[in-house]
Amino acid sequence: QGAADNEKGFFERIDVVLQNDYIMKKQQVYYGGRTAFYDENLGLKHVLDELHAPKRTNFFNEGARGLAFLNDRKNYPWMLKDPRLCITLRTWLPLLEFVPAVVFAYRHPIDVALSLKKREFERYKISRSLVLWYVYNRRAVQQSHDLCRVVVAHKNTMKRPQEETDRIFSELHACGVRVPRRLSIADVNTFVDIKLQHGRNDLQQDDPCSAPGGTAKMLPPPAWPTQEEAHLKLFRECMRVYCAFEDHSAFSPDFVWDNTIVD
């Protein structure tokens, strides 16, 4: 179902979304706060304790409903989308009957920050949203480090949707995911609408990572005209990671993250 901030809809299983909220809340972790501190093993312990309790509460009702669908082979292959999975994925993996592939989609940090700012009616300032962008992406890379990953740049999906969906199809097949069919040109043209994109900084520069001096000297775009030193440092670190997504070096085991950035 569509909404003002996502006109085409969210395509998320509400039972998994709700269960992720419940699992995180048990650790005083929330969608927009303290996600850097989520312990996936403790989350799994909470789930297993509930499943093996003599008298169950309703803590895992939504998760059980989701797993009933996900572990039913008649529903293979399925797609599961929820940004919270960047944080909770390793809690879910032992509960699944097979190992999934991951479509890792990344987007320019300023675009994400502008979208969050609009969605949350100014509650999320740009700096706070950039911190969330950083933590979610850091956790997502770490949570999926040993899974088959298909890496997708949001800007490429917007600019070359047919080419990108064909590539995703082929790479998912290489991961062992038998996607039923390729999307037709008509399918893609009907669904992808660049006018609905909230924040378009990543479409205004073909290669922001080739800027003179590299990310260490970058300045935020006009959409965030800040000169505060802490803001500049945060923006440049986010852009360092974004550019590492562009050349795929962020997925190397040797890539260095700034673990002092927490939400």
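This report concerns the structure included in the present document. (Residues numbered from 1 in each chain as written. Predicted model: local features only at pLDDT ≥ 70, side-chain atom pairs only at ≥ 80, totals over all residues. Heavy atoms only, no water.)

### Things to note about the nonpolar core
One finds W92, F104, L130 and F245 to be the most contacted residues of the largest nonpolar core, which totals 56 residues. Looking at this core, the element that brings in the most residues is helix α6 (residues 126-143), giving ten residues. Apart from residues lying up to four places away in sequence, F245 is in contact with F104, Y106, W133, N137, V141, A250, F251 and W257. Counting residues in each nonpolar core, the second largest holds five residues, with V150, I168, L172 and V177 among its members. (Core = buried A, V, L, I, M, F, W, Y, C linked by side-chain atoms within 4.5 Å. Buried < 20%, exposed > 50% of the residue type's maximum accessible area, 1.4 Å probe, protein only. Helix = DSSP H or I, 4+ residues; strand = E, 2+ residues; numbered from the N terminus. Contact = heavy atoms within 4.5 Å.)

### Observations concerning the side chain of Q27
Relative to the elements of secondary structure, Q27 occurs in the loop between α1 (14-25) and α2 (40-51). Non-local contacts of Q27, meaning those with residues more than four positions away in its chain, are made with R34, F37, Y38, D39, L42, G43 and H46.

### So, the state of the cysteines
Throughout this description, disulfide means a covalent bond between two cysteine sulfur atoms. Evaluated as defined, the whole model comprises two disulfides. In this model, C148 is linked to C175 through a disulfide, with the two sulfur atoms separated by 2.1 Å. What sets the handedness of the C148 and C175 disulfide is the S-S torsion sign, and at about -75° it is left-handed. Pair noted here: C148 is in the loop between α6 and β2 (149-153) and C175 is in the loop between α8 (161-174) and α9 (185-191), with a separation of 27 residues, a long-range link. When its relative accessible area of 36% is taken as the criterion, C148 is described as partly exposed. In this structure C175 comes out as partly exposed when scored by relative accessible area, which is 23%. A disulfide bridge connects C209 with C243, and the sulfur atoms are separated by 2.1 Å. Note on the C209 and C243 pair: the S-S dihedral is about -95°, so by sign convention the disulfide is left-handed. In this pair, C209 is assigned in the loop between α10 (201-204) and α11 (229-246) and C243 in helix α11, connecting sequence segments 34 residues apart. Since its relative accessible area comes to 22%, C209 is described here as partly exposed. Residue C243 is classed as buried on the basis of its relative accessible area of 11%. Should the bonded cysteines of the protein be numbered as they appear in the sequence, the pairing reads 1-2, 3-4. (Disulfide = S-S within 2.5 Å.)

### A few points about the packing of α1 against helix α3 (residues 61-70)
Orientation of α1 relative to α3, taken along the N-to-C sense of each, is 140°, at an axis distance of 8 Å. Here α3 runs oblique to α1, going by the angle between their axes. The interaxial crossing formed by α1 with α3 has left-handed handedness. Judged by residue contacts, D15, V16, L18, Q19 and Y22 of α1 engage N61, E62, G63, R65, G66 and L70 from α3. (Axes fitted to C-alpha atoms, helices over the stretch in contact; angles between N-to-C directions. Parallel < 35°, antiparallel > 145°, perpendicular 65-115°, else oblique. Left-handed = near helix turned anticlockwise from the far one by under 90°.)

### Quick notes on the environment of A153
Its place among the elements puts A153 in strand β2. For the pair A153 and H108, spaced 45 residues apart in sequence, the C-alpha to C-alpha distance is 8.8 Å. In this structure, A153 is in contact with Y106 and E246, ignoring residues within four places of it in sequence.

### A word on α6
Each full turn of the α-helix corresponds to 3.6 residues, which orients residues three or four apart in the same direction. Its 18 residues place the ends of α6 25 Å apart at the C-alpha level, agreeing with the 26 Å of an ideal helix rising 1.5 Å per residue. Most of α6 is tucked away, with 15 of its 18 residues classed as buried. (Expected span 1.5 Å × (residues − 1).)

### Looking at the pattern of salt bridges
Inspection of the entire model under this criterion finds 15 salt bridges. For the salt bridge of K155 with E246, the shortest nitrogen-to-oxygen distance reads 2.7 Å. Linking K155 in helix α7 (residues 154-159) with E246 in helix α11, this pair joins segments that are 91 residues apart in sequence. What makes K155 buried here is its relative accessible area of 6%. Here R167 ties to E164 by a salt bridge, and the two come within 2.8 Å at their closest N and O atoms. Here the residue R167 and the residue E164 both occupy positions in helix α8, the gap between them amounting to three residues, near one helical turn. (Salt bridge = Lys/Arg side-chain N within 4 Å of Asp/Glu carboxyl O.)

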